[in-house]
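# Survey of secondary and tertiary structure
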Amino acid sequence: MIKKNFKKHNVHKEASENLSIALVLNIIFNIIVISGGIFTNSVAILSDALHDLSDTISILIAWILEKFSIRKSNDNFTYGFQRLSIFGALFNSTIVLLVSMTVAYEALHRLFISQSPDASGMILIAILGIIFKGASLIRLHKGRTFNEKAISIHMLGDVFEWVALLIVSLILYFANIPILDPIASILVSVW
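These remarks concern the structure in this document. Since we're looking at a predicted model, the values are computed, not measured.

This next bit is on the layout of surface pockets. In this model, the second largest pocket occupies a volume close to 330 Å³. What lines the second largest pocket is a set of 21 residues, and nearest its centre among them are His 51, Ser 93, Val 96, Ile 153 and His 154. Contributing elements (two or more residues each) for the lining of the second largest pocket: helix H2 (43–69), helix H3 (83–112), helix H5 (146–174) and helix H6 (180–190). Of all the elements, H5 adds the most residues to the lining of the second largest pocket, at eight residues. Class assignment for the residues of the lining of the second largest pocket results in ten nonpolar, eight polar and three charged.

Structure follows, in structure tokens:
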């Protein structure tokens, strides 16, 4: 029994460490992507800034709930607090859906008012997105808790989003097709 509890404690402690590293990476990247979205005038990057801000909040909540999940059972919580890890995963998934709907709504407006974004700045931010989100994914991909698995899947989706934005940015760099920016935002939201 003691060995089983020690193993559970270590799993949640490791998960907490993984989530804290992913949290720091995402906070740093939030600052970069918000600044970059304003600088490049890209609705795709600004939408992703909102998406990434929700990621950071989700990871923060997952990290807090993971910390609580290692508490022992008591009279009110006879099974302990491990279900908080599952609640964190559910909460994160809900946040992703809400932010995706918001981003799609904002991008639809930009379809009719096209503005040319700064493609070279978008390329740089997309490369940074792949690096930061990829580092978070690498840290979380072997996680054993629901929180780590849910956020790992989310980070994988984010890496794909930044790869798609890199492709759009490269196209915009060589061809002036400003409608690609809001279309990319809508596709990222659907993804």
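Still to come is the rest of the account.
Taken as a whole and judged by the stated rule, the model has three aromatic pairs. For the pair Phe 29 and Trp 162, a centre-to-centre distance of 5.4 Å together with 80° between the ring planes defines the contact as edge-to-face. Taken together, the residues Phe 29 in helix H1 (residues 2–40) and Trp 162 in helix H5 connect sequence positions 133 residues apart. As far as the burial class goes, Phe 29 and Trp 162 line up, both buried. Between Tyr 173 and Phe 174, the ring centres sit 5.1 Å apart and the planes meet at 85°, which makes this aromatic pair edge-to-face.

The next thing to look at is the pattern of salt bridges. Evaluation of the coordinates by the stated rule reveals three salt bridges. In this structure, Lys 133 engages Asp 52 in a salt bridge whose closest nitrogen and oxygen atoms are separated by 3.1 Å. Taken as a pair, Lys 133 in helix H4 (residues 119–140) and Asp 52 in helix H2 lie far apart in primary sequence, 81 residues in all. Exposure remark for Lys 133: the relative accessible area of 1% places this residue in the buried category. Here Lys 133 and Asp 55 are joined by a salt bridge, their closest N and O atoms 3.0 Å apart. Of the two residues, Lys 133 is situated in helix H4 and Asp 55 in helix H2; the sequence distance between them amounts to 78 residues.

What counts as what
- Residues numbered from 1 in each chain as written.
- Predicted model: local features only at pLDDT ≥ 70, side-chain atom pairs only at ≥ 80, totals over all residues.
- Heavy atoms only, no water.
- 1 Å grid on protein atoms, 1.4 Å probe; cavity = no way out; pocket = protein on both sides within 12 Å on 5 of 7 lines; lining within 4 Å.
- Points joined across faces, edges and corners; volume = space filled by probe spheres on them.
- Helix = DSSP H or I, 4+ residues; strand = E, 2+ residues; numbered from the N terminus.
- Nonpolar A, V, L, I, M, F, W, Y, C, P; charged D, E, K, R; others polar.
- Phe/Tyr/Trp six-rings, centres within 6.5 Å; stacked < 30°, edge-to-face > 60°.
- Buried < 20%, exposed > 50% of the residue type's maximum accessible area, 1.4 Å probe, protein only.
- Salt bridge = Lys/Arg side-chain N within 4 Å of Asp/Glu carboxyl O.

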